[in-house]
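One letter stands for each residue in the lines below.
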Amino acid sequence: MISLFGKQAQAQSQSVPLNWITPETGVLGVERVIYPSARVGADVAFHVVKPPNYETESGRRFPTLYWLHGTGGNRASLRPMAAYFSAAMARGDLPPCLVVMPNGQADSLWCDSLDGSAPVETILMQEILPLVDTKFRTLAGRPHRLLEGFSMGGFGAGRLGMRHHDQFGAISMLASGPLQATLTRDDGPALKADARILLLQRLFGGDQARFLRESPRGMALVYGDAVRAGTKMRIAIGSDDVIRSANEEFSRYLVSLNIPHEFIIVPSVGHDARKLIDQLGFNFHREFFGAA
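> With reference to specific residues and values, describe the packing of helix α7 (residues 216-228) against helix α8 (residues 244-256).
At a minimum axis distance of 11 Å, the contact between α7 and α8 shows a crossing angle of 10 degrees. Taken together, the axes of α7 and α8 lie roughly parallel to each other. Residues Pro216, Arg217, Ala220 and Leu221 of α7 pack against Glu249, Phe250, Tyr253 and Leu254 of α8.

As structure tokens, then:
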């Protein structure tokens, strides 16, 4: 079945143009950064939400929250999520920090693409992260960096946070997916059955073992010792989310590896980032940044 979808997946990948320049948000205190990417060979943009006191406290340095968006790209969610984090800091709910919002394209799973056209992980880790620490007044280093994401971004936060455990001190996975062990038509929500086959072919060459190695499951198996040594980790899922069972099973998998983490089921919430965070609040961030 996988081979039947190979050409279709390749055609879809080639028909969707990559756009590395995301628009201005129009949100006060949000800065768009455009830089020449050596890895892409073109300009790349990302956004940074600055805390309200960033300009007035010119001698102060701030921790960073790296926010990874979900499937579909960050064009639709960029402005509302930037405004959401900005308002949360203005209210004093989210502690003052720099919220970095990179562009993970539509459905990269925050992995480098096989054909090299979308090196999403490489751009984030080798270009954006050091540039943020150079351009902005950050508290550099893993004790001051929290990696969080929703849906596809939760998948990315899990895999990147564990793989690059030397760069991030905390991982927050919100309504993450796909967290199952395989990308098949039958393993996961029915409405995403075709998409899973396409993703497996395009991102992992149709290789289930490769997908598993590159998933949060694979990262937990390889980097579990380092994560156990001091990474603060949270998994949260809405009680009404269609991918709840996969998140519950992933939590059990981490327990089997003796990887400490907080697992939260938020009542009466579906697959919705802002509703999920509304119910969770920002205690996780406050505890981490406060201890940094």
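Next comes the rest of the description.
> Requested: an account of the sheet that holds strand β6 (residues 170-174), with residues and values cited.
Overall, mixed pairing links the 8 strands, which are arranged β1-β2-β4-β3-β5-β6-β7-β8 in an open sheet. Looking at the sheet topology across the chains shown, the edges are occupied by β1 (30-37) and β8 (262-266). Taken pair by pair, the neighbouring strands of this sheet meet at an average axis angle of 20 degrees, ignoring direction. Relative to strand β2 (residues 42-49), β1 runs antiparallel, the two being bridged by 8 bridges. Bridge assignment links glutamate 31 to a residue of β2, and that residue is valine 48. Along the sheet, helix α3 (residues 120-135) makes contact with β1, β2, β3 (64-68), β4 (98-101) and β5 (145-150), crossing β1 at roughly 125 degrees. Of the strands in this sheet, β6, β7 (232-238) and β8 touch α8, which is tilted by about 155 degrees from β7.

> I'd like a description of unusual backbone geometry, backed by residues and values.
In this model, glycine 177 is joined to proline 178 through a cis peptide bond whose omega is 5 degrees. Inspection of the secondary structure assignment puts proline 178 in the loop between β6 and α5 (193-204). We note that asparagine 258 has phi near 60 degrees; this positive angle belongs to a residue other than glycine. Assignment of secondary structure puts asparagine 258 in the loop between α8 and β8. Since its relative accessible area comes to 57%, asparagine 258 is described here as exposed. With a phi angle near 60 degrees, serine 268 is a residue other than glycine that sits in the positive phi range.

Calculation rules
- Residues numbered from 1 in each chain as written.
- Predicted model: local features only at pLDDT ≥ 70, side-chain atom pairs only at ≥ 80, totals over all residues.
- Heavy atoms only, no water.
- Axes fitted to C-alpha atoms, helices over the stretch in contact; angles between N-to-C directions.
- Helix = DSSP H or I, 4+ residues; strand = E, 2+ residues; numbered from the N terminus.
- Parallel < 35°, antiparallel > 145°, perpendicular 65-115°, else oblique.
- Contact = heavy atoms within 4.5 Å.
- Pairing = 2+ DSSP bridges.
- Buried < 20%, exposed > 50% of the residue type's maximum accessible area, 1.4 Å probe, protein only.

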